[in-house]
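What follows is the residue order along each chain.
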Amino acid sequence: MKKISLIILIFFLANLSYTIQAQYINQNTTDSLFNDRGEVYFTFPVHKLYDIHTLTKVISIDNVKGHQVFAYANKLEFSEFLKFKTDFTILPHPGTLLQESSLIPVPGNHQPINRIIWDFYPSYQQYLDYMVGFAAAYHDICKLDTIGTSIQGRLILAVKISDYAEMPEAEPQFLYTSSIHGDETTGYVLMLHLIDYLLSNYNTNPTVTNLINSTEIFINPLANPDGTYHGGNASVYGATRYNANNIDINRNFPDPKVGQHPDGNQWQVETEAWMNYAENNHFTMSANFHGGAEVFNYPWDTWSKLAADDDWWQFVGREWADTVHQNAPAGYFTDMENGVTNGYAWYEINGGRQDYMNYWHNCREVTVEISNIKLLPTNQLINFWNYNYTSLLNYIRQVHYGFSGVVTDTVNDAPLAAKVFIQSHDFDNSEVYTRSLSGFYARPVFEGVYDVSFSSPGYFTKTIRNVSVSKWATTILDVQLRPLTYDAQDKVTSTTMVFPNPSDGHFRLVLPDKPINPSCSVQIINTVGSIVYSSVIDYFHGMIQVDLDISHLQNGLYFLKFNSGYRIYLDKLIISR
Ligand SMILES: [Zn+2]
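Residues numbered from 1 in each chain as written. Predicted model: local features only at pLDDT ≥ 70, side-chain atom pairs only at ≥ 80, totals over all residues.

### Regarding helix H14 (residues 381–397)
Inference 1: Between its terminal C-alpha atoms H14 stretches 24 Å, which fits the 24 Å expected from 17 residues at 1.5 Å a residue.
Inference 2: Bending of H14 peaks at approximately 45 degrees at the position of Asn388. (Helix = DSSP H or I, 4+ residues; strand = E, 2+ residues; numbered from the N terminus. Expected span 1.5 Å × (residues − 1). Bend = angle between axes of the 7 residues up to and from the residue.)

Structure (structure tokens):
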């Protein structure tokens, strides 16, 4: 009998909320809150916006409804919170609100790719199998990428979907990512569904076909696998917000206002993996999916200053929400301004990935809160797909609108790494840059007339006046820049043709898209003018890239001389380990 009451008590504590008055809290109460997992979910009233500003640096605020704050904390954060002497209510953890049995995939869910009905949460192994399976079944248009490995060794994966998925092309890169908060799982399944939808509709659905042919679409369904599978790899039951170190990854990024470590923690391995991934790619737009609210939350989160593209953000936000409203029952996706909000106007956060991507990677990333219920019952997953998939496609399409084009060298047409800056408009890093491989850039922007400057080191800056942009339309703006010094006699010019640069000594040389002799030569010259490496490249038609291994050379600056037989190209290389 006693045992039964104990079980009932534990069940009671685990599944019902209970209020604790600040004066009665002691170490034992605090310890008991962290028995099952390294984080608690709780709520308390707050009366001044100033308190949010202070509290957001102490705990991980999840939602603010009127004067009520909903938040998570690990043990350390919680002990700091207790110093505020505020009464609070411990809430049942969102990752445990459904029956565990309802979350374990059943044999009927085990269908081959193409026949999966996305009305369940896969096990971790199934997830891996699907990601590998997509790339195998559609290898021409789908490539599997590993972003990194979590603390507990789970894989952080993405697929790249594009025609010629293996090749970098003159196309904008677009990113969707979900569940950086591991217990916000609706977007996880929606992203798998989206991958399946895009791949299986290629060459049959014109919208999908156009998007895949013109865009490099990256989709990462699960950004925090240790959080999502905290309860074990069999199911998402017991999912946590935080990673395996009990740290909120979405408060762990460098912050434009607060600095490199806004939460006081070192960058987590998941954070570093993302930072590297962002560095190695060139995302023009992205969205990250969360749960616990229903709203399109656009930059900035960290400060009240509006984004340079605030009008564009409101426009794409309204498009998302209004489209959802046409496809969902009344009441869905209506938080804040009928489904759209400026991040700071809702509540301030520091260290979020959204602001990091916008500020440091010139990427337009938004936070989309997709379901009020974090752990959505499985029978709702198809409904939420139906509410959102048109908006998912519309938002990808926006990466093509505004103006876009390629920036090249007037002399040899080589693609250039260039800055594309809208005069009297861009600030806080809202400008965009070309991809140095192709010279391609895309600049989504609200309708209007703009003066746009193109600049690149070693070239004269060129400003194009009165560039006119309409809604849902693309203005093509290809630009050529003239080198500051150009010696026509020698036909010597400089171009960006090597990447990554700096590197550890392994470079990839991008051959110019020009007539080239069957054999052309590469020389590496050190800073005192000695040739330290030379080789002949057997060029064959269609080959555009050559790998160059000079990792035996010391760290430092070198000059690359590439003789195509028609022209000599010079570039600088830096070896840095
Ligand atoms: Zn979240």
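So much for the structure itself; the text now carries on.
### Things to note about the nonpolar core
Inference 1: Ranked by size, the top nonpolar core spans 117 residues in total, and within it Cys142, Val159, Ile161, Ile195, Ile217 and Ile219 carry the most contacts.
Inference 2: In terms of residues, this core owes the most to one element, helix H6 (residues 186–200), which gives 9 residues.
Inference 3: Excluding anything up to four places from it in sequence, Ile195 contacts Phe134, Val159 and Ile219.
Inference 4: One finds Tyr41, Val46, Phe78 and Trp346 within the second-largest nonpolar core, a separate group that totals 18 residues. (Core = buried A, V, L, I, M, F, W, Y, C linked by C-beta atoms within 7 Å. Buried ≥ 20, exposed ≤ 12 C-beta atoms within 10 Å, placed from the backbone. Contact = placed C-beta atoms within 7 Å.)

### What to know about the pairing of strand E5 (residues 88–91)
Inference 1: Summarising the sheet, strand E1 (residues 18–20) and E5 pair through 3 bridges and their orientation is antiparallel. Across the sheet, Ile20 pairs through a bridge with Phe88, a residue of E5. (Pairing = 2+ DSSP bridges.)

### Considering the sheet that holds strand E16 (residues 432–433)
Neighbouring strands of a sheet are bound in pairs by backbone hydrogen bonds; such pairs are parallel or else antiparallel.
Inference 1: An order of E16-E15-E18-E19 is seen for the 4 strands of this open sheet, with the pairing classed as antiparallel. Of all the strands in the sheet, just E16 and strand E19 (462–469) have a single pairing partner and so form its edges.
Inference 2: Sheet topology places strand E15 (residues 419–422) next to strand E18 (residues 448–455); 4 bridges connect them, and they run antiparallel. From the neighbouring strand, Lys419 faces E18, where its bridge partner is Ser455.

### A look at the sheet that holds strand E23 (residues 498–499)
Inference 1: Pairing is antiparallel in the open sheet, where 3 strands are placed in the order E23-E24-E27. Of all the strands in the sheet, just E23 and strand E27 (545–549) have a single pairing partner and so form its edges.

### Structural notes on the packing of helix H10 (residues 310–327) against H14
Inference 1: It is at 8 Å that the axes of H10 and H14 come closest, and there the two elements cross at 150 degrees. The orientation of H10 with respect to H14, classified from their angle, is roughly antiparallel. For H10 against H14, the interelement crossing comes out right-handed. Across from Val316, Glu319, Trp320, Thr323, Val324 and Asn327 in H10, the residues of H14 making contact are Asn386, Tyr387, Asn388, Thr390, Ser391, Asn394 and Tyr395.
Inference 2: Class assignment for the residues of the contact of H10 with H14 results in 5 nonpolar, 7 polar and 1 charged. (Axes fitted to C-alpha atoms, helices over the stretch in contact; angles between N-to-C directions. Parallel < 35°, antiparallel > 145°, perpendicular 65-115°, else oblique. Left-handed = near helix turned anticlockwise from the far one by under 90°. Nonpolar A, V, L, I, M, F, W, Y, C, P; charged D, E, K, R; others polar.)

### Re unusual backbone geometry
Inference 1: Following Pro299, the chain continues into Trp300 via a peptide bond in cis, with omega recorded as 0 degrees.
Inference 2: Mapped onto the elements, Trp300 comes out in the loop between strand E11 (293–298) and H10.
Inference 3: With an omega of 5 degrees, the peptide bond between Asn501 and Pro502 qualifies as cis.
Inference 4: On the secondary structure map, Pro502 appears in the loop between E23 and strand E24 (506–510).
Inference 5: One non-glycine residue, Phe333, lies in the positive phi region at around 60 degrees.
Inference 6: Inspection of the secondary structure assignment puts Phe333 in the loop between H10 and helix H11 (335–338).
Inference 7: Located in the positive-phi region is Asp428, a residue other than glycine, with phi close to 50 degrees.
Inference 8: Tracing the sequence through the fold places Asp428 in the loop between E15 and E16.
Inference 9: A residue is classified by how many C-beta atoms lie within 10 Å of it, and Asp428, with 17 of them, is partly exposed.

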